[in-house]
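Listed below are the residues making up each chain.
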Amino acid sequence: MPASSRRDPRPVVYAVRDRDNRIVYIGRGRNEDRPQSHAADSHNAQLAAILETPGYTIDVAEMPDHATAAVVESMLIDVLSAGAKAKLVNARREKWRFTPLGTPPEYADRLALEPLTVADLGRSLGGVLIVFHSSKPYRDLDRPQADASGSDPAVLAENSVRWWQLGLWVRQWAANPQAAPRAVVAVKGPTARRYVRAAIAADPAGWSTAIRDGAAYQIPAIRSGDVWTHADLDHAQLRGRLIHDVRFSNRAQDLVIWVDPTGTEHRQP
């Protein structure tokens, strides 16, 4: 379901960041469908080239009306084109803010919070699996691109809980559920600006019957009802938070990190 169908569509201003977290393009559209359309058909050759790389991200800010969107777009382009490198010191009291594409606007304030570390997540959640959502299909891996919009909680949940190469960890957790992770946190974006797309409670007792597809597993997750809701994807109020210095590689087994309750990282050999 497109993001614009969730409620009355509002115009947006959006910022495209390259893999080095630099803002490279400012645009506006009638709704959140506009920034997504660039990936399929961009009128800007340089932008199209950036959207072919795996590390780009898109931030979106809802506007109250089209006139405001036009003014904001124009002013941002003007300021950023001048190459200003100022660090703003004004208080963040604005109503309309950028959020990563797919993050509900009500979570925008979380971007201003101190970034969490991998160890923070492990200790605060009692153990966690951190998984990576790519903005492009993984090269040489049988894993599709994660849903860009995040508008359908069922699709975003599926992207987050399956399929992951967890190796011998599953046997350990099935034999000792007390040691199993209590949550899965899906992150996206370049290393300099990873953010939480979804945080879902995990069932530590579910590993003995975890669904398997070849060498990959589905993480036994907990939801509040028969269908996934956006509330189910905001475990511990983590959705939209920034995560500091969490690193992945293109190996299938390196797209998931286990962080135990002491904050220690574990990776597959």
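Calculation criteria
Residues numbered from 1 in each chain as written. Predicted model: local features only at pLDDT ≥ 70, side-chain atom pairs only at ≥ 80, totals over all residues. Heavy atoms only, no water. Salt bridge = Lys/Arg side-chain N within 4 Å of Asp/Glu carboxyl O. Helix = DSSP H or I, 4+ residues; strand = E, 2+ residues; numbered from the N terminus. Buried < 20%, exposed > 50% of the residue type's maximum accessible area, 1.4 Å probe, protein only. Polar contact = N/O pair within 3.5 Å; in protein donor to acceptor, adjacent residues only side chain to side chain. Pairing = 2+ DSSP bridges. Contact = heavy atoms within 4.5 Å.

Observations regarding the pattern of salt bridges
- Applying the stated criterion across every chain, the model contains twelve salt bridges.
- Across the pair D59 and R193 runs a salt bridge whose closest N-O atoms are separated by 2.9 Å. You can see D59 sitting in strand β3 (residues 57-62) and its partner R193 sitting in the loop between β7 (183-188) and β8 (194-201), a full 134 residues away along the chain.
- Its relative accessible area of 12% is what places R193 among the buried residues.
- Its salt-bridge partner being D245, residue R247 comes within 2.9 Å of it at the nearest N-O pair.
- In the salt-bridge network here, residues are joined through shared partners; they are R17, D59 and R193.

Brief notes about the side chain of R197
- Considering the arrangement of structural elements, one finds R197 in strand β8.
- Engagement of the side chain of R197 in a polar contact is seen with the side chain of H133, the distance being 3.1 Å.

With respect to the sheet that holds strand β12 (residues 256-259)
- Strand order in this open sheet of seven strands is β5-β11-β8-β7-β6-β12-β13, and the pairing throughout is mixed. Looking at strand neighbours, the two that pair on one side only are β5 (116-117) and β13 (265-266), the edges of this open sheet.
- Where β7 and β8 come together, six bridges link them in antiparallel fashion. Note on β8: the bridge partner recorded for A186 is A198.

Some thoughts on the side chain of R17
- Take R17: it is sitting in strand β1 (residues 12-17).
- By relative accessible area, which is 15% here, R17 ends up buried.
- A polar contact of 3.4 Å, which involves the side chain of R17, links it to the backbone oxygen of N21.
- When neighbours within four sequence positions are excluded, R17 is seen to be in contact with R22, I23, Y56, T57, D59 and R193.

As for the sheet that holds strand β4 (residues 99-100)
- As summarised here, the arrangement of the four strands in space is β2-β1-β3-β4, forming an open sheet in which the pairing is antiparallel. Of all the strands in the sheet, just β2 (23-29) and β4 have a single pairing partner and so form its edges.
- As defined by bridge partners, β1 adjoins β3 across six bridges and the pair is classed as antiparallel. Residue V13 lies in a different strand from β3, and its bridge partner there is A61.

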